[in-house]
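# Survey of secondary and tertiary structure
One-letter residues, chain by chain:
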Amino acid sequence: MTSSPFGRVLTAMVTPMSPDGEVDSAGVDSLVDHLLATGHDGIVVNGTTGESATLTEDESIEMVRRVKERVGDRAAVVAGVGSNDTRHAVHMAGRAARVGADALLLVSPYYNKPTQPGVVAHCRAVADTTELPLMLYDIPGRTGIPFTTSTLLTLAEHPRIVAVKDAKGDLWASTHVMAATDLLWFSGEDALNLPLLAQGATGVVSVVGHVAGREYAAMVAAVDRGDLVEARRIHASLIPVVDAIMSTSQGAIMAKAALVELGVIGSATVRLPLVESPPEHLELLRAALATRSAR
């Protein structure tokens, strides 16, 4: 069994909000309790699904503090600190560490389109800020900038850059880096959780894990013991809910809607430019959730 300072079954947690758009502290506590009760040993705060782009700096840091206070030592709290401004990412890393984050998540710098040497310098600067382990987040579909294979090999030499959340969708590139380094590998795309686990990933950083944490914990355990038949069964059983949450509109929108359906949080409010699910998406979601409760 692989040891990981991040945990192995993580969800990129939504930020619960009240109908007026303010962060819902009681909803945060309820959601943390739900995740801990459903197989998670790690929680990512202030990731994309947490609407980090529209949280203020103070809201982001308060999320880390509150989640860590609620979690204690029951799971790792991984704080997203990404920015397209290296100074701001460094600043956020320091603040997150001071309020108790166990680890950091760093997306590639978006919009600026730096060269790969710039990406390396950016990541090293953030990693040098604290003593916390750091997970790189490779999602070029959102950032416009991938971590190339050579960049990942270079960054793997840093003692605190120890993991990758892979949402690039290139399984062969992943294989190259996993074979050449000791980086801990995490699937960052729910549709590819099983393929990445089967080729050696440590775990998952999921969105669908909001409602399927137990299933993903069971999938990780099945792959660990070499039971790919069971892992494939779990993978197939989750097709409806993965489609409903990840393919109808947008993960944060649909994950919040699902949590409302399950009674975990009270409101599916998201901040503009996101808007809540239309009725036809909610119908698909309810049907997908029903396939899980029927088993």
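Thresholds applied
- Residues numbered from 1 in each chain as written.
- Predicted model: local features only at pLDDT ≥ 70, side-chain atom pairs only at ≥ 80, totals over all residues.
- Heavy atoms only, no water.
- Helix = DSSP H or I, 4+ residues; strand = E, 2+ residues; numbered from the N terminus.
- Contact = heavy atoms within 4.5 Å.
- Salt bridge = Lys/Arg side-chain N within 4 Å of Asp/Glu carboxyl O.
- Buried < 20%, exposed > 50% of the residue type's maximum accessible area, 1.4 Å probe, protein only.
- UniProt positions renumbered as here; feature names shortened; annotations may be inferred.
- Pairing = 2+ DSSP bridges.
- Axes fitted to C-alpha atoms, helices over the stretch in contact; angles between N-to-C directions.
- Expected span 1.5 Å × (residues − 1).
- Polar contact = N/O pair within 3.5 Å; in protein donor to acceptor, adjacent residues only side chain to side chain.
- Arc of directions from axis to C-beta.

Identification of the chain as 4-hydroxy-tetrahydrodipicolinate synthase from Fodinibacter luteus is taken from an unreviewed UniProt entry.

## Some thoughts on the side chain of His 34
Along the chain, the position of His 34 falls in helix H1 (residues 25–37). Setting aside residues no more than four positions away along its own chain, His 34 makes contact with His 210, Leu 259 and Val 264.

## Notes on the pattern of salt bridges
Scanning the model with the defined rule gives 17 salt bridges in all. Arg 286 is paired through a salt bridge with Glu 261; the nearest N and O atoms lie 3.0 Å apart. Linking Arg 286 in helix H13 (residues 279–293) with Glu 261 in helix H12 (residues 251–261), this pair joins segments that are 25 residues apart in sequence. Residue classification places Arg 286 among the partly exposed positions, given a relative accessible area of 41%. By sharing partners, the salt bridges in this structure join Asp 29, Asp 33, Arg 66 and Arg 70 into a single network.

## Structural notes on the UniProt feature "site: Part of a proton relay during catalysis" (unreviewed entry) in the chain
UniProt annotation of "site: Part of a proton relay during catalysis" (unreviewed entry) refers to Thr 48 and Tyr 111 when read in the numbering used here. If near-sequence neighbours (up to four positions away) are discounted, Thr 48 is found in contact with Tyr 137 and Arg 142. Here Tyr 111 is to be found in the loop between strand E4 (103–107) and helix H4 (116–127). Residue Tyr 111 is classed as exposed on the basis of its relative accessible area, which comes to 73%.

## Digging into the UniProt feature "active site" (unreviewed entry) in the chain
If you check UniProt for "active site" (unreviewed entry), the listed places come out as Tyr 137 and Lys 165 in our numbering. Spatially, the listed residues are clustered: although they cover 29 residues, their C-alpha atoms lie within 4.7 Å of one another. With respect to the helices and strands, the residue Tyr 137 is situated in strand E5 (residues 134–138). By the secondary structure assignment, Lys 165 is in strand E6 (residues 161–166). Residue Lys 165 is classed as buried on the basis of its relative accessible area, which comes to 5%. Not counting residues within four places of it along the chain, the set of residues in contact with Lys 165 comprises Ala 12, Leu 105, Met 135, Leu 136, Tyr 137, Asp 138, Phe 186, Gly 188 and Val 205.

## Brief notes about the sheet that holds E5
Spatially, 8 strands are ordered E1-E2-E3-E4-E5-E6-E7-E8 in a closed barrel, and the strand pairing comes out parallel. Strand-to-strand twist of the sheet, defined as the mean angle between neighbouring strand axes without regard to direction, takes the value 25°. In the sheet, E5 pairs with E6 via 5 bridges, with the strands oriented parallel. Bridge pairing in E6 links Leu 136 to Val 164. On top of the sheet, helix H2 (residues 57–71) reaches strand E2 (42–45) and strand E3 (76–80); it is set at about 165° to E2, its chief contact.

## A word on the environment of Val 120
Structurally, Val 120 is set in helix H4. When the C-alpha positions of Val 120 and Gly 200 are compared, they lie 25 Å apart, and in sequence the two are 80 residues distant. Setting aside residues up to four positions removed in sequence, Val 120 forms contacts with Thr 151, Thr 154 and Leu 155.

## Focus on helix H3 (residues 86–98)
Here H3 contains 13 residues, and its C-alpha end-to-end distance of 19 Å stays within 8% of the 18 Å for a straight helix at 1.5 Å per residue. Within H3, the full set of buried residues consists of Ala 89, Met 92, Ala 93, Gly 94 and Ala 96. Where H3 is buried, its residues touch H2, E3, E4 and H4. The N-cap residue of H3 is Asp 85: its side-chain oxygen and the backbone nitrogen of Arg 87 are 3.1 Å apart. Of the residues flanking the end of H3, it is Gly 100, one or two places downstream, whose phi is positive at about 110°.

## Some details on H4
Since one α-helical turn is 3.6 residues long, residues separated by three or four positions face the same way. Between its first and last C-alpha, H4 extends 16 Å over 12 residues, near the 16 Å set by a 1.5 Å rise per residue. Within H4 the residues assigned to the buried category are Val 119, Val 120, His 122, Cys 123, Val 126 and Ala 127. Buried residues of H4, seen end-on, are gathered within an arc of 165° and therefore sit on one face of the element. On its buried face, H4 is in contact with H3, E4, E5, helix H6 (149–155) and E6.

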